[in-house]
Each structure stands twice: as structure tokens, then as C-alpha cells.
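Here is how the chains run, residue by residue.
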Amino acid sequence: MALLKKGSRRITVDGTTYRWRLRGRPTYDQGLVWSPLTYAVEHAETPGTTLVIATNQPHPSNWFGTRANPVLPSDVADSIRTAHANGWTPERPGSPFHLDQSEGFLSSH
């Protein structure tokens, strides 16, 4: 699963460059604030396994106007480091690597 280059942002963490991207429109469950905001990260030069991070906040474009904080580059960098510590190898091909940081997310249902 490769990231779309359009709308992705570059970030360098510990000397390695990655691309990350938030989904512009929420999924149905994210729109209803039933599931948290997620974003994806991949190695910029050698995309392999995509990292998918579930945050503990709603999608900013949810349909109820539930307040959401922006995902900051420092949040992305912290998530990348955590994923590496948990075995994510971004240059190797494979299924997406899921990092669940959704503890504290309060669903609306």
C-alpha cells in the first residue's frame, strides 16, 4: 500500500526521510466519531511496509464538530520512533504495520 504523493508531507527522523499523510475526508466511522483519526507513514526513498497510526483523537473533519487537535510533526516523529522500537522495518515489503495509540479515545457511540 503506497502513499499518494499528493498531500503527503516529508519528515526526517534520526537522519532518515519519510513521507506521511492524513486522509483528507474522514471514513464513515471517523465522520461519526466512532473510530479515531489515523495517518500513514512510509520510507521516502524505499517504500516498503507502511506504518498506520491510530491516534487518540477524532478526525478534524468529523461531522459533529467534535474538537480535534492537529497532528504535529513532533507527534509523527515520536510515532515513527515507537514503531521502530516495536519492530517496524519500513524498507521491507509487507503488510501494513499498525501502531495503536488510541488509548483515551472516546467514541460517540
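For clarity, every value in this text was computed on a predicted model and none was experimentally measured.

A. Here's a closer look at the environment of Asp29. In this structure, Asp29 sits in helix α1 (residues 28-31). The exposure class of Asp29 is partly exposed, given its relative accessible area of 36%. Along the sequence, Asp29 and Gly94 sit 65 residues apart, while their C-alpha atoms lie 26 Å from each other. Apart from the residues lying within four places of it in its own chain, the contact partners of Asp29 are Trp34 and Ser35.

B. Inspection of the pairing of strand β2 (residues 16-22) at higher detail. In the sheet, strand β1 (residues 9-13) pairs with β2 via five bridges, with the strands oriented antiparallel. Each residue of the ladder has a partner; that of Arg10, found in β2, is Arg19. The turn joining β1 and β2, which pair antiparallel and follow one another in sequence, is formed by two residues; a positive phi near 50° is taken by Asp14. By the bridge criterion, five bridges tie β2 to strand β3 (residues 38-43) in an arrangement that is antiparallel. Across the sheet, residue Arg19 finds its bridge partner in β3, namely Glu42.

C. Molecular detail of unusual backbone geometry. A positive phi angle, close to 50°, is found at Asp14, a residue other than glycine. Tracing the chain through its elements places Asp14 in the loop between β1 and β2. For Asp14, a relative accessible area of 63% puts it in the exposed group. Although it is not a glycine, Val33 sits at a positive phi angle of roughly 60°. Mapped onto the secondary structure, Val33 falls in the loop between α1 and β3.

Criteria and thresholds
- Residues numbered from 1 in each chain as written.
- Predicted model: local features only at pLDDT ≥ 70, side-chain atom pairs only at ≥ 80, totals over all residues.
- Heavy atoms only, no water.
- Helix = DSSP H or I, 4+ residues; strand = E, 2+ residues; numbered from the N terminus.
- Buried < 20%, exposed > 50% of the residue type's maximum accessible area, 1.4 Å probe, protein only.
- Contact = heavy atoms within 4.5 Å.
- Pairing = 2+ DSSP bridges.

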